[in-house]
Amino acid sequence: LCDAQGRLHEARAELQSERSRAAQLQEAVAVCAGHSEDVARLRAMLVDSQTMLAHVREAVGAERSEASRLAGLVGQEEDRARLLLHMLGRFKERFGPQPSEGRAASLGDGLSLRGGPGAPH
């Protein structure tokens, strides 16, 4: 009987030890479950961030493309303006009033401007 009571006491002590160990494991599992939820939320945030970054990259690419296109147009307009100024300067040199002549005399009868008789060649 004493031997059986001793074994029963040992079994109860071991059972209590296992219960304590099981409780610790349950707490650890609960903590890990909480961490798993946190990790899942963080993964979702990461996916959202990657999607937003892709959209930002596309927008930046489009802006760069547009800026490049506009820079080309500005360059064309600058070239046109330089050409027009050059042509205006040549026109003034050719048809502008001479210091000894009046303005009306430089225009002539209008035929010289159209390439008619009396036009400079």
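This is a predicted model, so every value here is computed, not measured.

As a further point, take the overall build of the protein. For the protein, the count of helices and strands is three helices and zero strands. When the helices and strands of the protein are read in sequence order from the N terminus, they spell out α-α-α. Across the 121 residues that make up the protein, the buried fraction comes to 3%. Surface accessibility of the protein: about 10700 Å² in total, with carbon and sulfur atoms responsible for 60%.

Here we take up the pattern of salt bridges. Applying the stated rule across the entire model yields six salt bridges. Note that Arg7 is salt-bridged to Asp3, the shortest N-O span being 2.6 Å. Residue Arg7 and its partner Asp3 are both found in helix H1 (residues 2-95); the two are separated by four residues, about one turn of the helix. Per residue, the accessibility class of Arg7 equals that of Asp3, and both read exposed. Close ionic contact of Arg69 with Glu66 constitutes a salt bridge, the shortest N to O distance being 2.8 Å. In this pair, Arg69 and Glu66 both sit in helix H1, three residues apart, roughly one turn of the helix.

Conventions adopted
- Residues numbered from 1 in each chain as written.
- Predicted model: local features only at pLDDT ≥ 70, side-chain atom pairs only at ≥ 80, totals over all residues.
- Heavy atoms only, no water.
- Helix = DSSP H or I, 4+ residues; strand = E, 2+ residues; numbered from the N terminus.
- Buried < 20%, exposed > 50% of the residue type's maximum accessible area, 1.4 Å probe, protein only.
- Areas by Shrake-Rupley, 256 points an atom, 1.4 Å probe, with all protein chains shown as cover.
- Salt bridge = Lys/Arg side-chain N within 4 Å of Asp/Glu carboxyl O.

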